[in-house]
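Chains, contacts and geometry: an overview
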Amino acid sequence: MAAGAPMGVRLLRKVSSTRGFARVAPHFIPAMDRAVHRLTRGKVLLSARMLPGLVLTARGAKSGLPRVTPLACMPEEDTGSWILIGSNFGRESHPAWTANLLAHPDAGINWKGEDIPVRAQLLEGDERELVWARALKFWPPYATYQARVPRRIRLFRLTRA
């Protein structure tokens, strides 16, 4: 996402950086994405119209039950992997899906209608810093989210299993 992004994208960046958006978005965006994804049999993910998105299926950290979560992602075209950013819209706690991946890194995604088994790796150290810099260029509101919370936003790389 370059700095010269279309006006709609620039507006969404500005709105998504607000505290109001952080309070409301986690309640309606995933529900809307799940419903449309289900109705279109995996062909459409509405939030992916602005940012690339996938649907993650991971086992619950405590329950072990499958948990389905639509998420924005940063595809890594050169390696065929995906980066997930646990921003939780700049809310205080880590999103639940990050705990699920820490406990059970073998998961599945639906990417553009294709079901793909993946393995998640929490990024740390220099590798995390390099990917974080790319993420900030990809979607600048991540910087606002990080500045708003004391926790360190988790980054995961998903690779095909």
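The following refers to the structure shown. (Residues numbered from 1 in each chain as written. Predicted model: local features only at pLDDT ≥ 70, side-chain atom pairs only at ≥ 80, totals over all residues. Heavy atoms only, no water.)

1. Structural notes on the sheet that holds strand 4 (residues 81–86)
Stated formally: At least two bridges found by DSSP between two strands are what make those strands a pair. Strands here are runs of E lasting at least two residues and helices are runs of H or I lasting at least four, both read from the DSSP assignment and numbered beginning at the N terminus. Only the stretch in contact is used when a helix axis is fitted, and all axes are lines through C-alpha atoms; the angle between N-to-C directions ranges over 0 to 180 degrees.
With antiparallel pairing, seven strands are arranged side by side in an open sheet as 2-1-5-6-7-4-3. The open sheet has two edge strands with one neighbour each: strand 2 (66–72) and strand 3 (74–76). Across the sheet, the mean angle from the axis of one strand to that of its neighbour is 30°, orientation sign disregarded. Where strand 4 lies against strand 7 (residues 154–160), five bridges are found, and the strand directions are antiparallel.

2. Description of unusual backbone geometry
Selection rule: Note on classification: 1.4 Å probe, protein chains only; a residue is buried when its accessible area is under 20% of the maximum for its type, exposed when over 50%, partly exposed between these limits.
The backbone of Phe89 sits at a positive phi, close to 60°, despite the residue not being glycine. Counting through the fold element by element, Phe89 comes out in the loop between strand 4 and helix 3 (96–103). Under the relative-accessibility criterion, Phe89 is labelled partly exposed at 21%.

3. Side note on the pairing of strand 4
Counted residue by residue, strand 4 has six buried out of six residues, so it is predominantly covered. Burial along strand 4 is two-sided: Ser81, Ile83 and Ile85 facing one way and Trp82, Leu84 and Gly86 facing the other are all buried. Where strand 3 lies against strand 4, three bridges are found, and the strand directions are antiparallel. Within strand 4, the residue paired with Pro75 across the bridge is Trp82.

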